[in-house]
Amino acid sequence: MKKLINRRPGNALSWALGLLPFLLLMIAYMVASDARLAENPNDKLLPALDSFVQAIDRMAFEPSKRSGEYLLWADTLASLQRLGIGVAISALVAVVVGIGNGTIPLVRSTFSPLVTGLSLVPPMAILPVLFIIFGLGELAKVMLIIIGITPFMIRDLQQRAREIPAEQIIKMQTLGANTWQIITRLVWPQLMPRLISAVRLSLGPAWLFLIAAEAIAATEGLGYRIFLVRRYLAMDVILPYVVWITFLAFVIDFLLSRYSQWRYPWFHQKGH
Amino acid sequence: MAIIEMKNLWKEYGDQVVLERLNASVEEGEFVTIVGASGCGKTTFLKLLLGTEDATRGELLLDGQPLPAEPDASRGIVFQRYSVLNHLTAVENVMLGGELESSRWFGISVGKKRKQLRKDALEMLESVGLGPAADKYPHELSGGMQQRLALAQALIKRPRILLLDEPFGALDPGIRADMHKLVLSLWKSQRLTVFMITHDITEGFYLGTRLWVFDKPRLDPQAPGAYGARVTYDLPVGDCENGTLTSINQRVTRTSRVLNDTL
Ligand SMILES: Nc1ncnc2c1ncn2[C@@H]1O[C@H](COP(=O)(O)OP(=O)(O)OP(=O)(O)O)[C@@H](O)[C@H]1O
Ligand SMILES: [Mg+2]
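Because the structure is a prediction, the values reported are computed rather than measured. (Residues numbered from 1 in each chain as written. Chains lettered and ligands numbered in written order. Predicted model: local features only at pLDDT ≥ 70, side-chain atom pairs only at ≥ 80, totals over all residues. Heavy atoms only, no water.)

A.B. asks: In this structure, what is going on with the overall build of chain B? I would like to understand it.
C.D. replies: Along the backbone of chain B there are 7 helices and 10 strands. Seen along its three principal axes, the alpha-carbon backbone of chain B occupies a region of about 60 × 40 × 35 Å. Buried residues in chain B amount to 52% of all 263 residues. Sequence-distant contacts, at least 24 apart, represent 69% of the contacts inside chain B between residues at least 6 apart. For chain B, the exposed surface amounts to about 12000 Å²; the carbon and sulfur share of it is 50%. A gap of 3 Å separates the mean positions of the 31 positive and 33 negative side-chain charges of chain B. (Helix = DSSP H or I, 4+ residues; strand = E, 2+ residues; numbered from the N terminus. Buried < 20%, exposed > 50% of the residue type's maximum accessible area, 1.4 Å probe, protein only. Contact = heavy atoms within 4.5 Å. Areas by Shrake-Rupley, 256 points an atom, 1.4 Å probe, with all protein chains shown as cover. Lys, Arg positive; Asp, Glu negative; His and termini not counted. Charge placed at Lys NZ, Arg CZ, Asp CG, Glu CD.)

A.B. asks: Looking at this structure, how should I read the interface of chain B and chain A?
C.D. replies: Buried accessible area, meaning the area lost when the parts come together, often serves as the stated size of an interface. The interface is formed by 34 residues belonging to chain B together with 23 residues belonging to chain A. A buried area of about 2600 Å², summed over both sides, lies between chain B and chain A, and 61% of it is on carbon and sulfur atoms. For the pair chain B and chain A, the number of links is 1 salt bridge. Two residues, E99 of chain B and R185 of chain A, come together in a salt bridge whose shortest N-O distance is 3.0 Å. At the surface where chain B touches chain A, the tally comes to 15 residue pairs in polar contact (both at pLDDT 80 or more). Of all the secondary-structure elements, those providing two or more residues to the side of chain B that touches chain A are β6 (75-78), α2 (90-102) and α4 (143-155) of chain B. At 4 residues, the largest contribution of residues to the side of chain B that touches chain A is made by α2 of chain B. (Buried area = accessible area lost by both parts, 1.4 Å probe. Salt bridge = Lys/Arg side-chain N within 4 Å of Asp/Glu carboxyl O. Polar contact = N/O pair within 3.5 Å; in protein donor to acceptor, adjacent residues only side chain to side chain.)

A.B. asks: Quick question: what am I supposed to make of the packing of aromatic side chains here?
C.D. replies: Note on aromatic pairs: each is described by the distance of the centres and the angle between the planes. One pass over the full model with this rule turns up 15 aromatic pairs over all chains. Measuring from ring centre to ring centre gives 6.1 Å for W180 of chain A and W105 of chain B, while their planes differ by 70°; the resulting arrangement is edge-to-face. With one member in each of two chains, W180 of chain A in helix α8 (residues 179-216) and W105 of chain B in the loop between α2 and α3 (111-127) form a pair that bridges those chains. Judged by its relative accessible area of 36%, W180 of chain A is partly exposed. For W105 of chain B, a relative accessible area of 59% translates into the label exposed. What links up through ring pairs into an aromatic cluster is the set Y259, W262, Y264, W266 and F267 of chain A. The ring of Y13 of chain B carries K11 of chain B above its face, with NZ or CZ at 5.0 Å from the centroid. Over the ring of W10 of chain B we find R57 of chain B; its NZ or CZ atom is 4.1 Å from the centre of that ring. (Phe/Tyr/Trp six-rings, centres within 6.5 Å; stacked < 30°, edge-to-face > 60°. Lys NZ or Arg CZ within 6 Å of the ring centre and 35° of its normal.)

A.B. asks: What am I meant to see in the domain arrangement of chain B here?
C.D. replies: Under the domain assignment used here, chain B contains domain 1 (77-172) and domain 2 (221-263). Placing a centre on the C-alpha atoms of domain 1 of chain B and another on those of domain 2 of chain B gives a separation of 35 Å. (Domains from an automatic or database assignment.)

Next comes the structure, spelled out in structure tokens:
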């Protein structure tokens, strides 16, 4: 018999083992829910599975009585749009500033202290400021995401740009490259896969800021809905929404990771 | 006129003297191999030639003019590692020099020009024996193949001076011998001036036209940084008396002990 540390599950076993905790959680939930509902049929805390089915059906497949929209999809679209715009703008700013700070010493001396300072401001603390300046519209919510994740992404990319071996930068010069060409042919392509991993890392905080902003001021969106139905203790809506958000986050992360592996094979072969 | 000339060249880091009083001149087309104890300043000397470090004192001239203080296309280099760009395939690495030249803004070539560059690059790869690996990324190549790629990449630019910093240090003896043949034939066909650092004194003794030994003639074991290294032997290759090799070997080993024990 091999030592435990050397025993590896096969493919099928691996899947089964991975699913097991989920199954156990489901069972635990159903047992607990049954127990509470047996005591009080109107209990709202742990609804039975068929309440979820009904709630999902109501939110996703029946038009809302008030607005005629399919709420889940409208909420999803609104939230993904804010998330997408926010993350895209952050990524763009981060690449530009990160490359500038990371490769050109004069730029770094000028802006690096500022970026470090800004990244220490807690974004949630300036949320009221954003609402005051940008009003309660879309802009404030997107701005919160941008302010929340951009400094971190800049610092990450700046660091990655500085990690490009000096040998390669010298090499480019001996091949006749000027500063701009060093950026377009060496730094930019080297940073692309690193940008993707920075985006993947910052998606967690981005969701956090999105939901926080929606909870405070919005008329639609996944975060808005959760905080709206909280007033009615509607666990049957909240929990499916949470699962849905988690699923969306997972899919986005998965797609980014696959894209990066397909597009930048050289990056993933080095054991990154 | 000499292509490289050193006049009383010094290099110090803080109060550590690395190189002192270097005087030499090198003609176009010479192949200088450099040996010396680890830590005595060989790489530092190459950095001076490359322009990434400045001399503390003295003059370093290229064609009689002060050497440009930053790397440029006149001096190609192959480092021990990180010499090729890992995000480009082999052929793209070799095409890079031409592409940078053809488009000053983005360094990307298109159409006919690109086809021509690719064709030249493939020929170059063929000549270093990497024809079949043209579309592979560096991480898919062995260490020896990566070094050959680095040579191809540097040589297709036809630099006047080629700097090699222990380019074959990590390779096994068989491949090293192949690489020596390759370097010699490329050197002959392109009339390059080569400076090559090696740890292997016998390698230095038959490769190239001139052997320099960097060593510290004055050596204070209590303060190894007090005096710098100089060129203690400047020998035409293939033309040395018996015993010189052993004597150089002994001295270099002694310096190496002192430098690397007390560090
Ligand atoms: N940037 C630097 N700052 C301070 N000291 C340095 C710097 N670069 C090199 N040195 C010192 O200069 C000396 C010579 O270093 P160098 O790298 O030239 O040695 P080398 O002859 O190439 O050695 P090796 O054969 O091990 O590569 C060493 O003592 C090193 O500590
Ligand atoms: Mg060295």
